[in-house]
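The residues making up each chain are set out below.
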Amino acid sequence: MTIDVRNVELLGARLRLRELRAEDLDVYQRIFTDPELTRYMGTDSMGVQAAAASFDAAVRSRGEAPRRKYTLAITAPGEDTMVGTIGLLVEDYGSNAMIGGLVVVPEGSLRAGGIEAGRLMAAFAFGPLGIHRVWAGHRHDHPVMDTVMAGVGLTPEARLRQLYRTQGRWRDVCTYAALRPEWAATATAAERRILASRPAEAREHAVAGR
């Protein structure tokens, strides 16, 4: 099984992650212009035009070589409407990737889908991308994110003091991480399929270079 790193689609038991599409702009803008939905994120809510520019940048990142940033839409398995978003940033040093930007609209049926979305993204990083260490962080006063981090399979590591400033105040961030061998031992059947997958684009390039 292969996964196209330019057109990622990850299927879990309750939800699906897929690439952003033009028709997702309205939901993306709704998320990132809403002060409540962005309350615990690392940046303040955006204006409509700034959110549109952010969306365009996320879509363009699919064409980067090598691709470092993945911003995926969260949908229900049998539906195509975006109900949330999650991101993965492959870092330039070591073998690390950061999960971030997790938001699910509150009125949808997947409002409790953050754990599964995070685990699918971790499986993608550890599997096709070959990452050794996946980490994430949340604002220290987030009421439920410590539970989400544990469900994703991330272990507490540190509290970074006053890492960023939002809503006029400096914010501490709690960080968590997982290493591939430890995380893989907890993977579900769907996650193991992703872990065993190979990046289609890399394989095609290797064949072309022979």
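Residues numbered from 1 in each chain as written. Predicted model: local features only at pLDDT ≥ 70, side-chain atom pairs only at ≥ 80, totals over all residues. Heavy atoms only, no water.

**Re the packing of helix H3 (residues 114-126) against helix H4 (residues 145-152)**
Right, on to step 1. Their axes nearest at 8 Å, the elements H3 and H4 cross at an angle of 40 degrees. Relative to H4, the element H3 lies oblique. Relative to H4, the crossing made by H3 is right-handed. Residues Gly114, Ile115, Gly118 and Arg119 of H3 form the contact with H4, whose own contacting residues are Thr147, Val148, Gly151 and Val152.
Right, on to step 2. Grouping the amino acids of the contact of H3 with H4 by side-chain chemistry returns three nonpolar, four polar and one charged. (Axes fitted to C-alpha atoms, helices over the stretch in contact; angles between N-to-C directions. Helix = DSSP H or I, 4+ residues; strand = E, 2+ residues; numbered from the N terminus. Parallel < 35°, antiparallel > 145°, perpendicular 65-115°, else oblique. Left-handed = near helix turned anticlockwise from the far one by under 90°. Contact = heavy atoms within 4.5 Å. Nonpolar A, V, L, I, M, F, W, Y, C, P; charged D, E, K, R; others polar.)

**Comments concerning the packing of aromatic side chains**
Both the distance between ring centres and the angle between the ring planes are used here to describe each pair of aromatic rings.
Right, on to step 1. Following the criterion strictly, the structure yields four aromatic pairs and no others.
Right, on to step 2. Pairing tyrosine 28 with phenylalanine 55 gives two aromatic rings, centres 5.3 Å apart and planes at 70 degrees, and the pair type is edge-to-face. Of the two residues, tyrosine 28 is situated in helix H1 (residues 25-33) and phenylalanine 55 in helix H2 (residues 48-60); the sequence distance between them amounts to 27 residues. Per residue, the accessibility class of tyrosine 28 equals that of phenylalanine 55, and both read buried.
Right, on to step 3. Seen from their ring centres, tyrosine 70 and phenylalanine 124 are 5.2 Å apart, and the 80 degrees between their planes marks the pair as edge-to-face. Of the two residues, tyrosine 70 sits in strand E4 (residues 69-75) while phenylalanine 124 sits in helix H3, which places them 54 residues apart along the sequence. For the pair formed by tyrosine 70 and phenylalanine 124, the shared burial category is buried.
Right, on to step 4. Within the aromatic cluster, the residues linked to one another by ring pairs are Tyr28, Phe32 and Phe55. (Phe/Tyr/Trp six-rings, centres within 6.5 Å; stacked < 30°, edge-to-face > 60°. Buried < 20%, exposed > 50% of the residue type's maximum accessible area, 1.4 Å probe, protein only.)

**Section: H3**
Think of an α-helix as 3.6 residues a turn; residues three or four steps apart then line up on the same face.
Right, on to step 1. Taking 1.5 Å per residue as the helical rise, H3 with its 13 residues ought to reach 18 Å, and the 18 Å between its terminal C-alpha atoms agrees with that figure.
Right, on to step 2. For H3, a buried count of twelve out of 13 residues is recorded, marking the element as mostly surrounded by other parts of the structure.
Right, on to step 3. Where H3 is concerned, the buried positions are Gly114, Glu116, Ala117, Gly118, Arg119, Leu120, Met121, Ala122, Ala123, Phe124, Ala125 and Phe126. (Expected span 1.5 Å × (residues − 1).)

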